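# Chain and residue survey
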Amino acid sequence: MRKLKEFLIEKLILFCGLASIFFVVLIFLFLLKEGLAVFKTVTPPQFLFGKSWYPISEPPHLGILPLILGSLMVTLGAALISIPIGVACAVYIAEVAPLKIKEILKSGIELLAAIPSVVLGFIGMVTLVPWIKSIFHLPTGLTALSGAVMLAFMAMPTIVSIAEDALYSVPKTYKEGALALGATHWQAIHRVILPAASSGIMAAVMLGIGRVIGETMAVMMITGNAAVIPHSILQPVRTLTATIAAEMGEAVVGSEHYFALFAVGIVLFVISFIVNVGADLFLHKKEQ
Amino acid sequence: MKSLILSLFFLACFSTQSSAAVNKSVRIKGSDTMVNLAQSWAEKYMEIKPEVFLAVTGGGSGTGFSSLISGTCEIAMSSREIKEKEIALAEKRGIHPCEIKVALDGLAVVVNPQNPVGKLTMEQLAGIFTGAIRNWKELGGDDEKIVLLSREVNSGTHVYFKEHVLRRGNPQGTEEFAPSALLLSSSQAIADEIAQNQGAIGYYGMGYVCAKQKAVLVARDAKSPYEAPTIDNVISGRYPISRPLFFYLNGSPQGMLKDFIDYCLSADGQEIVVKTDFVPYKR
């Protein structure tokens, strides 16, 4: 009886352990099954490098280059804004701030993480968008820049909290040693502590970027969703995620459009997979 | 283990479906344009027949059709006719779409009230939305870039505007919205952007126009008179951008569904059409 119980519990834990992998594989297979069907209508280069996205025309134009570039541009913009601020914030919290300010900052950042993305999108729409329009004298404020700024807000909590953990786990002796050798506080931070925590900070950045690429609601509300190839960050763009979210409801199950949206999903999956594997490789390289 | 999860999943699906049938509930889904109208109909109808529950949701005409085809709604609302392709897909799944015209709608072309341009021909509209005309200067307005606002592709309004304004009703037409057109997810989003952007132009059902936007007068061609999107002009057909609104069902309406649709088409029902700023199909 006891053996049976032991056996059952063991198997149950095994199942739970395998479940996550199992579901990922299932999701990926489903994506592949539905998405690859689009290549009956278009060739892969036409799909990936086609410049126009008119999915419901006859015949449909299913080129996702503007969407890929739109996603990359928003992500890049968000990364450029959130990484310096996020890492600097983490350094301040972990190394510089007095205890009281530290507590306030940390809970503030947790609060930022708790704001739902649709609310951020809405706030961006009524505040940031008119603001960007008037500052840059643009015909419309619904631009990649607006999306990038709002997404930077979303990436920041992830970057700050993980980077801060990484900085915190650097052994105190490193810092003490550096200070004992006559380094100033800033020298100790940027010559000793930051390099020692770099793998953790890199992971923080990657996770932040991963969050940005997958974000949908806020970008759909404030980037304008025009499927043009962007030439500057002050233009409207349409991202991969917003395309899926906006069009999935319409796509008739089994149509080219439906398959194309799944194929867009595969592209997104591959991009975030590359980001994650990149982060992983970087981490392991550091460890050796 | 796998089969256990699958069976649990199916059990969950079936149990929700059967309970819905017991409560006499009808799911109505589709065109965002028609949500307010159908909601008003549903509320009044449920006052008369409290035992019936009508759930109205939006999402766009295409969403309505795909739900009808996949069996997740009983009535699909649509602001465009069903496509051949959609009929074929429906038949494949044993669904026979039946079309019922329930009301008319005029599409208003709207600009910011500050914009001096107040009337346009259909040809100019096609030029604007395909990207051939890019500056308000060319239309006698200020020297300002035109910002195009359109609904997302899942919207019947988007499809109707493309087919009847951009392509001038020519089924072989290949005109498309300029890629620079901003695709916004709701009529309200277009209305908000128009209200704060002097260079913007957009379109939506005439029920959405308020003081913060200006509806442009539209002429069929350069020789015709410019007409405003009003109820009288839509009924008489003088206003060029108007369209029928439909309900689609699986097979001809029967029982409870027939009763509800009869109510929508009755004098009371058509009065609600007028109240929600649409145009009655019958007078």
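Procedures and definitions
- Residues numbered from 1 in each chain as written.
- Chains lettered and ligands numbered in written order.
- Predicted model: local features only at pLDDT ≥ 70, side-chain atom pairs only at ≥ 80, totals over all residues.
- Helix = DSSP H or I, 4+ residues; strand = E, 2+ residues; numbered from the N terminus.
- Buried ≥ 20, exposed ≤ 12 C-beta atoms within 10 Å, placed from the backbone.
- Rg over C-alpha atoms; globule rule 2.2 N^0.38 Å.
- Contact = placed C-beta atoms within 7 Å.
- pLDDT = per-residue confidence, 0-100.
- Axes fitted to C-alpha atoms, helices over the stretch in contact; angles between N-to-C directions.
- Parallel < 35°, antiparallel > 145°, perpendicular 65-115°, else oblique.
- Left-handed = near helix turned anticlockwise from the far one by under 90°.
- Core = buried A, V, L, I, M, F, W, Y, C linked by C-beta atoms within 7 Å.
- Nonpolar A, V, L, I, M, F, W, Y, C, P; charged D, E, K, R; others polar.
- Arc of directions from axis to C-beta.
- Pairing = 2+ DSSP bridges.

## Notes on the overall build of chain A
- Tallying secondary structure elements over chain A gives twelve helices and two strands in all.
- Ordered by position from N to C terminus, the α and β elements of chain A give α-α-β-β-α-α-α-α-α-α-α-α-α-α.
- On the principal axes, the C-alpha backbone points of chain A span a range of 75 × 75 × 35 Å.
- Here chain A holds 288 residues, and the buried ones make up 41% of them.

## So, the overall build of chain B
- Of the regular secondary structure elements, chain B holds ten helices and twelve strands.
- The C-alpha radius of gyration computed for chain B amounts to 21 Å, which stays within 12% of the reference 19 Å derived for 283 residues, consistent with globular compactness.
- Seen through its C-alpha atoms, chain B measures out along the principal axes to roughly 65 × 50 × 35 Å.
- Expressed as a percentage of the 283 residues in chain B, the buried residues total 43%.
- Pairs at least 24 residues apart make up 71% of the contacts formed inside chain B by residues separated by at least 6 positions.

## Points about the confidence of the model for chain B
All names here are of chain B.
- With 91% of its residues at a pLDDT of 70 or more, chain B shows a mean pLDDT of 85.
- Within the model, pLDDT remains below 50 along residues 1-6, and this stretch shows one contact once partners closer than five positions in the same chain are excluded.
- Segment residues 8-22: pLDDT under 50, and one contact once partners within four positions in sequence are set aside and those in other chains are kept.
- Both scores are given for the predicted complex: the pTM is 0.75, the ipTM 0.71.

## Let's talk about the packing of helix α6 (residues 144-168) of chain A against helix α9 (residues 198-214) of chain A
All names here are of chain A.
- The N-to-C vectors of α6 and α9 enclose an angle of 160°; their axes lie 8 Å apart at closest approach. Between α6 and α9, the interaxial angle falls into the category roughly antiparallel. In the crossing of α6 with α9, the sense of the turn from one axis to the other is right-handed. Of α9, the residues touching α6 (which contributes Leu151, Met154, Ala155, Thr158, Ile159, Ile162, Ala163, Asp165 and Ala166) are Gly200, Ile201, Ala203, Ala204, Val205, Leu207, Gly208, Ile209, Arg211 and Val212.

## Regarding the nonpolar core
- Counting residues in hydrophobic clusters, the biggest one holds 152 residues, and the most contacted among them are Leu151(A), Ile159(A), Ala163(A) and Val109(B).
- Per element, the largest residue contribution to this core is 17 residues, and it comes from α6(A).
- Not counting residues within four places of it along the chain, the set of residues in contact with Ala163(A) comprises Gly86(A), Val87(A), Ala90(A), Gly200(A), Ile201(A) and Ala204(A).

## Concerning the environment of Ala88(B)
- Secondary-structure assignment places Ala88(B) in helix α4 (residues 84-92).
- Between the C-alpha atoms of Ala88(B) and Leu68(B), which are 20 residues apart in sequence, the distance is 13 Å.

## Points about the interface of chain B and chain A
- Counting residues at the interface gives 29 residues for chain B and 26 residues for chain A.
- Breaking the side of chain B that touches chain A down by element, the ones donating at least two residues are α3 (61-70), α4 and β7 (182-184) of chain B.
- Ranked by residue count, the leading element in the side of chain B that touches chain A is α3(B), at six residues.
- Of the residues that constitute the side of chain B that touches chain A, the class distribution is twelve nonpolar, twelve polar and five charged.

## Remarks on α3(B)
Residue and element names in this part refer to chain B.
- Most of α3 sits inside the fold, with nine of its ten residues counted as buried.
- Within α3 the residues assigned to the buried category are Ser61, Gly62, Thr63, Gly64, Phe65, Ser66, Ser67, Leu68 and Ile69.
- The elements touched by buried residues of α3 are β1 (25-30), β3 (75-78), α4, β4 (97-111), α6 (156-166) and β11 (242-250).
- A positive phi of about 80° marks Gly71, the residue just after α3.

## Describing the environment of Val275(A)
All names here are of chain A.
- Looking at the secondary structure, you find Val275 in helix α12 (residues 256-287).
- Each C-alpha atom, one on Val275 and one on Gly210, is 7.0 Å from the other, the two residues being 65 residues apart in sequence.
- In this structure Val275 touches Met206, Ile209, Gly210 and Ile213, once residues within four positions along its chain are discounted.

## A short note on helix α5 (residues 122-130) of chain B
Residue and element names in this part refer to chain B.
- Listing the buried residues of α5 in full gives Met122, Leu125, Ala126, Ile128 and Phe129. Taken around the axis of α5, the buried residues stretch over an arc of 165°, which confines them to a single face.
- Buried residues along α5 sit in contact with β4, β5 (119-121), β6 (147-151), α6, β8 (200-205) and β10 (217-219).
- Phi turns positive one or two residues past the end of α5, at Gly131, with a value near 95°.

## Some remarks on unusual backbone geometry
Residue and element names in this part refer to chain A.
- If you check the backbone angles, His137 has positive phi at about 50° while not being a glycine.
- Its identity as a non-glycine residue notwithstanding, Asn225 has a phi of 55°, on the positive side.
- Within the element layout of this structure, Asn225 appears in the loop between α10 (217-222) and α11 (240-247).
- Asn225 gets classed as buried once you count the C-beta atoms within 10 Å, which come to 25.

## A look at the confidence of the model for chain A
- Mean pLDDT over chain A: 89, with 98% of residues reaching 70 or higher.
- Per-residue pLDDT, averaged within each element of chain A, yields its smallest value for α12(A) (84) and its largest for helix α3 (residues 65-96) of chain A (93).

## What about the pairing of β3(B)?
Residues and elements named next belong to chain B.
- Both faces of β3 are covered, namely the face carrying Ile75 and Met77 and the face carrying Ala76 and Ser78.
- As paired elements, β1 and β3 share three bridges and run parallel to each other. Following the sheet pairing, Lys29 is matched in β3 by Ala76.
- Relative to β11, β3 is paired through four bridges, and the arrangement is antiparallel. If you follow Ser78 over to β11, its bridge partner there is Phe246.

## Some points on the packing of helix α4 (residues 99-114) of chain A against α6(A)
All names here are of chain A.
- Across the interface, α4 lies against α6 with an axial gap of 8 Å and an inter-helix angle of 135°. By the angle class used here, α4 and α6 are oblique. Along this stretch, α4 crosses α6, giving a crossing that reads as left-handed. Here Ile109, Glu110, Leu112 and Ala113 of α4 lie close against α6, whose contacting residues are Phe153, Met156, Pro157, Val160 and Ser161.
- Residues of the contact of α4 with α6, tallied by class, amount to seven nonpolar, one polar and one charged.

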